[in-house]
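# Structural characterization, general
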Amino acid sequence: MPTTKVALFGGGPACLMAAYQLSERHEVHIFEKGKRLGRKFLVAGNGGFNLTNEVEGTALLKAYSDDSKLHNALNQFSTGNTRQWLSEIGIETFIGSSGRVFPKKDVKPTDVLKKIVDTLEKKGVQIHLNHAFISFDTAFKPRVLFNETETTIEADHYIFGLGGGSWPKTGSNSAWLEPFNEIGVKTIPFRASNCGVNVEWGSDFKEKYAGTPLKNIAIHAYGQILKGEAVLTEYGLEGNAIYPLVPTIRKVLTEQNTAEITIDFKPNSSLEMLQAKITGAIKPKNYAFTFKITKAVQEIAKRALTKEQYLNPHTFANYLKNVPMTISSLRPVAEAISTVGGINMDDVDVQFRLIKHPHISIVGEMLDWDAPTGGFLLQGCFSTGYLVGECLNKQYN
Ligand SMILES: Cc1cc2nc3c(=O)[nH]c(=O)nc-3n(C[C@H](O)[C@H](O)[C@H](O)COP(=O)(O)OP(=O)(O)OC[C@H]3O[C@@H](n4cnc5c(N)ncnc54)[C@H](O)[C@@H]3O)c2cc1C
């Protein structure tokens, strides 16, 4: 029989994992403010649904912000453990060519979420929808709003996984920062991560080329080089070749007004290889064919180079390898795939309990950590959820 009551706030992947770990031994309740659980999890499934990644060990830790507590959680519950857990609850996965882990073909995000929720319900986890955490009472117990009535939730331990600041329509937003500040917990304002960047294109360029994919490019930024794809957008650039550079760009933008990147549009050809393609007859109208580039890239070059430079194929080839771009800002938090900020890592102990209020633990994106896309975000949520669940199983043995 369960002896301890644990109340979790937030129905995202981090709390669902913590609830799963606790459900064998304890009375577990999840309070979710929305009508459904896991809405951001489902949004994550709209594109490529990367449930985790294949990398393990040091390579895995390197993907995350440098935080020993987070790294400990990742070591305790790594990517292989996530796949094993998913398999145990009936979701088979496969590793894609990029190392990203996906659910097996024909398994939809809703199927994955349903399997997780069904498993929890079978294990006796009680789910309370439309219950919004709003504040703490004077004994630092959470108060929820349900049917216009406020109630204090009585439990032995509380876990919060209210999410980061991105995509507020999925339920997670910055409203929870204030109640935590009020109980003396330091929070850091949300900033965008894994987001697009603003680049000043001319309006005529935007109209013509927004939506154009930039395939097989490499972006250089402050000593980092990232190969991948991006898309030219109304506002600038978006895509997996830029997301992992966002932490560096964000840091630069806190120190100066703009950040500079360069794009190599031919990362698989050296400058010598490009130069070798140039014959006496090559004219700008043949650039697209000779260098295998899109009209959009030609247009970018036309705008940046003098007429003389543009007409000279050698200068043009050189430019293709080093196209400078000035980033004026990051896209807003609401549009980002993830955020940094939230609960200050120094305010939690190694088990993610609030140092000032050890009857409260924090999991998932609510904590201030960063990671790129590719399954690392969900893995961070699963790892912190697992660690908190397991530590509480030991604490309330
Ligand atoms: C477009 C997009 C694509 C993504 N793709 C991927 C991907 O492929 N792979 C990957 O690893 N990650 C991906 N992510 C990121 C991933 O979805 C998140 O990192 C993850 O969902 C965070 O989990 P969480 O449990 O911390 O918070 P959330 O999933 O945000 O869950 C928090 C929950 O708390 C609830 N809540 C908020 N406030 C309250 C309150 N006051 N009271 C009660 N409940 C409350 C919310 O309604 C929500 O259900 C993607 C994100 C987006 C936006």
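Residues numbered from 1 in each chain as written. Predicted model: local features only at pLDDT ≥ 70, side-chain atom pairs only at ≥ 80, totals over all residues. Heavy atoms only, no water.

Once that is clear, we can look at the side chain of Asp-67. One can find Asp-67 in the loop between helix H3 (57-62) and helix H4 (68-76). Here the side chain of Asp-67 touches Leu-70 through a polar contact of 3.0 Å, landing on its backbone nitrogen. (Helix = DSSP H or I, 4+ residues; strand = E, 2+ residues; numbered from the N terminus. Polar contact = N/O pair within 3.5 Å; in protein donor to acceptor, adjacent residues only side chain to side chain.)

Within this structure, the stated rule accounts for 26 aromatic pairs. Measuring from centroid to centroid gives 6.0 Å for Tyr-64 and Phe-376, while their planes differ by 90°, and the two rings are edge-to-face. One end of the pair, Tyr-64, is in the loop between H3 and H4; the other, Phe-376, is in helix H15 (residues 376-395), and 312 residues separate them in sequence. Per residue, the accessibility class of Tyr-64 equals that of Phe-376, and both read buried. Measuring from centroid to centroid gives 5.6 Å for Phe-291 and Phe-316, while their planes differ by 25°, and the two rings are stacked. Note that Phe-291 is positioned in helix H11 (residues 287-291) and Phe-316 in helix H14 (residues 313-321), a separation of 25 residues in sequence. In terms of burial, Phe-291 and Phe-316 fall into one category: buried. Taken together, the aromatic side chains of Phe-9, Phe-31, Phe-133, Phe-136, Tyr-158, Phe-160, Trp-176, Phe-180 and Phe-190 make up a single cluster linked through ring pairs. The ring of Tyr-20 is capped by Lys-123, whose NZ or CZ atom sits 4.9 Å from the centre of that ring. Note that Arg-331 overlies the ring of Tyr-235, its terminal NZ or CZ placed 3.8 Å from the centroid. (Phe/Tyr/Trp six-rings, centres within 6.5 Å; stacked < 30°, edge-to-face > 60°. Buried < 20%, exposed > 50% of the residue type's maximum accessible area, 1.4 Å probe, protein only. Lys NZ or Arg CZ within 6 Å of the ring centre and 35° of its normal.)

So, on to the sheet that holds strand S5 (residues 100-103). Paired through their backbone hydrogen bonds, the strands of a sheet run either parallel or antiparallel. Taken in spatial order, the three strands of this open sheet run S3-S5-S4, and their pairing is antiparallel. Where the open sheet ends on each side, the last strands, each with one partner, are strand S3 (52-53) and strand S4 (93-95). Bridging between S3 and S5 involves two bridges; their strand directions are antiparallel. The partner of Asn-53 across the bridge, within S5, is Arg-100. (Pairing = 2+ DSSP bridges.)

Assigned domains of the protein chain: these are domain 1 (5-191 + 340-395) and domain 2 (197-330). The centre of domain 1, based on its C-alpha atoms, is set 38 Å off from the matching centre of domain 2. At the junction of the two partners, domain 1 supplies six residues and domain 2 supplies five residues. Taken over both partners, the interface formed by domain 1 and domain 2 buries close to 370 Å², and the fraction arising from carbon and sulfur atoms is 59%. It is Arg-191, Asp-370 and Thr-373 in domain 1 that bury the most area against domain 2; as a group they hold 64% of the surface buried on that side. Between domain 1 and domain 2 we count one salt bridge in total. Among the ionic pairs, Asp-370 bridges to Arg-250, the shortest N-O distance being 3.3 Å. Counting the contacts that link domain 1 with domain 2 gives one residue pair in polar contact (both at pLDDT 80 or more). Considering only residue class, the side of domain 1 that touches domain 2 consists of two nonpolar, one polar and three charged. (Domains from an automatic or database assignment. Contact = heavy atoms within 4.5 Å. Buried area = accessible area lost by both parts, 1.4 Å probe. Salt bridge = Lys/Arg side-chain N within 4 Å of Asp/Glu carboxyl O. Nonpolar A, V, L, I, M, F, W, Y, C, P; charged D, E, K, R; others polar.)

Looking now at the environment of Asn-344. Inspection of the secondary structure assignment puts Asn-344 in the loop between strand S18 (338-343) and strand S19 (360-362). Sequence separation between Asn-344 and Gly-48 is 296 residues, and the spatial gap between their C-alpha atoms is 30 Å. The contacts of Asn-344, once residues within four sequence positions are left out, are Lys-186, Thr-187 and Ile-188.

As a further point, take the packing of helix H1 (residues 13-22) against helix H6 (residues 109-122). Put simply, H1 and H6 touch, their axes get as near as 10 Å, and they point 35° apart. When the axes of H1 and H6 are compared, the crossing they make is left-handed. Each of Leu-16, Ala-19 and Tyr-20 in H1 lies in contact with H6, whose residues at this interface are Leu-113, Ile-116, Thr-119 and Leu-120. A breakdown of the residues in the contact of H1 with H6 according to their chemical character gives six nonpolar, one polar and no charged. (Axes fitted to C-alpha atoms, helices over the stretch in contact; angles between N-to-C directions. Left-handed = near helix turned anticlockwise from the far one by under 90°.)

This brings us to H6. Taking 1.5 Å of rise per residue, 14 residues should cover 20 Å, and H6 covers 20 Å from first to last C-alpha, within 8% of that figure. Considered for burial, the residues of H6 that qualify are Pro-109, Val-112, Leu-113, Ile-116, Val-117, Thr-119 and Leu-120. Within H6, the buried residues cover an arc of 155° as seen down the axis, which keeps them to one side. Exposed and facing more than 90 degrees away from the buried side of H6 are Lys-114 and Lys-122. Buried-residue contacts for H6 involve H1, strand S2 (27-31), helix H2 (39-44), helix H5 (79-88), S5 and strand S6 (126-128). Where H6 ends, the next residue or the one after it, Gly-124, has phi of about 90°, a positive value. (Expected span 1.5 Å × (residues − 1). Arc of directions from axis to C-beta.)

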